[in-house]
Amino acid sequence: MEIKGIAKVKYIRMSPSKVGLVADLIRGKSYLQALKILKTDKRIASNVLWKALYSAAANANFKHNINKEELIIQEIVINKGPILKRGRQNIIKKLGFCN
């Protein structure tokens, strides 16, 4: 049986390619190595991944009583979120589609 610590972070206003570059740095590393990498990285995406990694380790510790030093990062999934549509309402009103 495989034991996992899972954390989901949703609705981050950042492109998946920027977050993916930082995620590639820590994929396959141990928990402590990943925290050191994320602390020293200057990109903004490293803060988001640090919070998610810390939360996943806390979940694994609470649910399965696993020591944080024994954790290894196996999988990081980064997907595209919803897109904000800006400036379209004024154009629609000018053309008369809305009352």
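Residues numbered from 1 in each chain as written. Predicted model: local features only at pLDDT ≥ 70, side-chain atom pairs only at ≥ 80, totals over all residues. Heavy atoms only, no water.

## So, the overall build of the protein
Along the backbone of the protein there are four helices and zero strands. Of the regular secondary structure in the protein, the N- to C-terminal order runs α-α-α-α. Taken across its 99 residues, the protein has 24% of its residues classed as buried. Contacts in the protein between residues at least 24 apart in sequence constitute 63% of all its contacts with a sequence separation of at least 6. (Helix = DSSP H or I, 4+ residues; strand = E, 2+ residues; numbered from the N terminus. Buried < 20%, exposed > 50% of the residue type's maximum accessible area, 1.4 Å probe, protein only. Contact = heavy atoms within 4.5 Å.)

## Notes on the nonpolar core
In terms of nonpolar packing, the biggest core is built from 17 residues, with Ile-26, Tyr-31, Leu-38, Leu-49, Leu-53, Leu-71 and Ile-73 touching the most fellow members. Only helix H1 (16-26), helix H2 (31-40) and helix H3 (45-64) provide two or more residues apiece to this core. Ranked by residue count, the leading element in this core is H3, at five residues. Not counting chain neighbours up to four residues away, the residues in contact with Ile-26 comprise Ala-34, Ile-37, Leu-38, Ile-73 and Ile-76. (Core = buried A, V, L, I, M, F, W, Y, C linked by side-chain atoms within 4.5 Å.)

## Things to note about the packing of aromatic side chains
We describe a pair of aromatic rings using the distance from one ring centre to the other and the angle between the two ring planes. Counted according to the given criterion, the structure contains one aromatic pair. Seen in terms of ring centroids, Trp-50 and Tyr-54 are 5.2 Å apart; in terms of plane orientation they differ by 10°. Their pairing is stacked. Of this pair, Trp-50 and Tyr-54 both sit in helix H3, separated by four residues, roughly a single helical turn. Of note, Lys-39 hangs over the ring of Trp-50, and the distance from its end group to the ring centre comes to 4.9 Å. (Phe/Tyr/Trp six-rings, centres within 6.5 Å; stacked < 30°, edge-to-face > 60°. Lys NZ or Arg CZ within 6 Å of the ring centre and 35° of its normal.)

## A word on the packing of H2 against H3
At their nearest, the axes of H2 and H3 sit 9 Å apart, and the two run at 155° to each other. One finds that H2 runs roughly antiparallel with respect to H3. Of the two elements, H2 crosses H3, and the hand of that crossing is left-handed. Note on element contacts: H3 touches H2 through Ser-46, Leu-49, Trp-50, Leu-53, Tyr-54 and Ala-57, opposite Tyr-31, Ala-34, Leu-35, Leu-38 and Lys-39. (Axes fitted to C-alpha atoms, helices over the stretch in contact; angles between N-to-C directions. Parallel < 35°, antiparallel > 145°, perpendicular 65-115°, else oblique. Left-handed = near helix turned anticlockwise from the far one by under 90°.)

## Here's the deal with the layout of surface pockets
Gaps between atoms show up when a probe of the same size as a water molecule is rolled over them. Computed from the structure, the largest pocket encloses a volume of approximately 1,500 Å³. Lining the largest pocket are 42 residues; nearest its centre among them are Ala-7, Lys-8, Val-9, Ile-76 and Val-77. Breaking the lining of the largest pocket down by element, the ones donating at least two residues are H1 and H3. No other element matches the seven residues that H3 contributes to the lining of the largest pocket. (1 Å grid on protein atoms, 1.4 Å probe; cavity = no way out; pocket = protein on both sides within 12 Å on 5 of 7 lines; lining within 4 Å. Points joined across faces, edges and corners; volume = space filled by probe spheres on them.)

## Here we look at the pattern of salt bridges
Taken as a whole, this structure holds two salt bridges when the rule is applied. Between Arg-27 and Asp-24 there is a salt bridge whose closest N-O contact spans 2.6 Å. Taking the shortest distance from any N to any O, the salt bridge between Asp-41 and Arg-43 comes out at 3.6 Å. A relative accessible area of 18% places Asp-41 in the buried class. Arg-43 sits in the partly exposed class, given a relative accessible area of 39%. (Salt bridge = Lys/Arg side-chain N within 4 Å of Asp/Glu carboxyl O.)

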